[in-house]
Amino acid sequence: MRKTMATVDVGLAGNDVDDLSRNKRQIYCEDGLTEETEASACTLGLRGRDGRDGAPGRDGAAGRDGQPGLQGPIGEKGDIGPEGPPGEKGETGADGDGGGSVYIRWGRTTCPNDTDTSLIYDGIAGGTDCSHSGGGANYVCLPKDPEWGVFTDGNQGSAYMYGAEYQVDQFGNSPFQGASVYEHDVPCAVCHVASRGSKLMIPARLSCPSGWTREYKGYLMTERYTHYRSEFVCMDGEPETRPGGHVNHNGALFYPVEASCGSLPCPNYVQGRELTCVVCTK
């Protein structure tokens, strides 16, 4: 490569500044012979030609991850896909007890012993006094050992619970042959059937439909028609009495129910005949 010479001021002072050989030093530079002062030539602050581009440097290290961007808008709902194939059938679960059923056996202190039935408790039949226009409309089976909460002794004139008595033989129409129960207090038993979840009381029948189990049979009873209304219940056909409860206190009363023809078709019903009943479970 051909070089040119440049000059550099070597810092001579005074009247020697005009002497090139003494004031300047020639330096060969690539762009021709130049004269520079104050160290502005070639290598001392030298001005030369641009060199060739060097080889690209290595890639730098990866930068840190940026912050997450804002969530975009929710897209439109897609079409419902085709129905998948049916899954495999699961295992059969364990047999349950069906919850069972509960009923009241009116007129008895025990439950039937031949129908897989257990006694929850035996008690005393009760209800509203036959002469009261208010109070409850149903009979209840009261336990023998009540438990008390907050109470105020003495009558406050609210509502009252009475015991119940049989009212048969008074009119010579007792359906309970061989049993003297007139004006005796009525017992009751609350029974649980673990294996059958449904119960049914059928009036005017002594047998149950096919597939049902008869728990007990008897006679339909309720309050007298001149008294204030109550409900119809099925009194066991072989009634018991509560020991010591033979004094006439009235209270809630049980009368036999007779058929009355007219809107009730006769036949098959018969005027004045006492109606039977049956309690069934399934």
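Predicted model, so just to flag it, every value in this text is computed and none were measured.

Here we come to the packing of aromatic side chains. Counted according to the given criterion, the structure contains six aromatic pairs. Judged by centre distance (6.2 Å) and plane angle (35 degrees), the ring pair of Tyr103 and Tyr216 falls under tilted. Residue Tyr103 is found in strand S4 (residues 101-106), and its partner Tyr216 is found in strand S10 (residues 213-222); the two are separated by 113 residues along the sequence. Residue classification places Tyr103 among the buried positions, given a relative accessible area of 4%. Seen from their ring centres, Phe176 and Tyr219 are 5.8 Å apart, and the 85 degrees between their planes marks the pair as edge-to-face. In this pair, Phe176 is assigned in the loop between strand S7 (162-166) and strand S8 (187-193) and Tyr219 in strand S10, connecting sequence segments 43 residues apart. Phe176 gets classed as buried once you look at its relative accessible area, which sits at 3%. One aromatic cluster is present, built from ring pairs that chain together Trp106, Tyr139 and Phe254.

What follows covers the confidence of the model for the chain. Low-pLDDT portions of the prediction should not be read for the details of their coordinates. Mean pLDDT over the chain works out to 81, with 78% of the residues at or above the 70 mark. When the elements of the chain are averaged for pLDDT, strand S1 (residues 4-9) gives the smallest value, 42, and strand S13 (residues 276-281) the largest, 98. Across residues 1-25, where pLDDT falls below 50, the model places 63 contacts with residues more than four positions away in sequence or in other chains. Contacts for the low-pLDDT stretch residues 27-48, under 50 throughout, to residues beyond four places or in other chains number 57 contacts.

The rules behind each value
Residues numbered from 1 in each chain as written. Predicted model: local features only at pLDDT ≥ 70, side-chain atom pairs only at ≥ 80, totals over all residues. Heavy atoms only, no water. Phe/Tyr/Trp six-rings, centres within 6.5 Å; stacked < 30°, edge-to-face > 60°. Helix = DSSP H or I, 4+ residues; strand = E, 2+ residues; numbered from the N terminus. Buried < 20%, exposed > 50% of the residue type's maximum accessible area, 1.4 Å probe, protein only. pLDDT = per-residue confidence, 0-100. Contact = heavy atoms within 4.5 Å.

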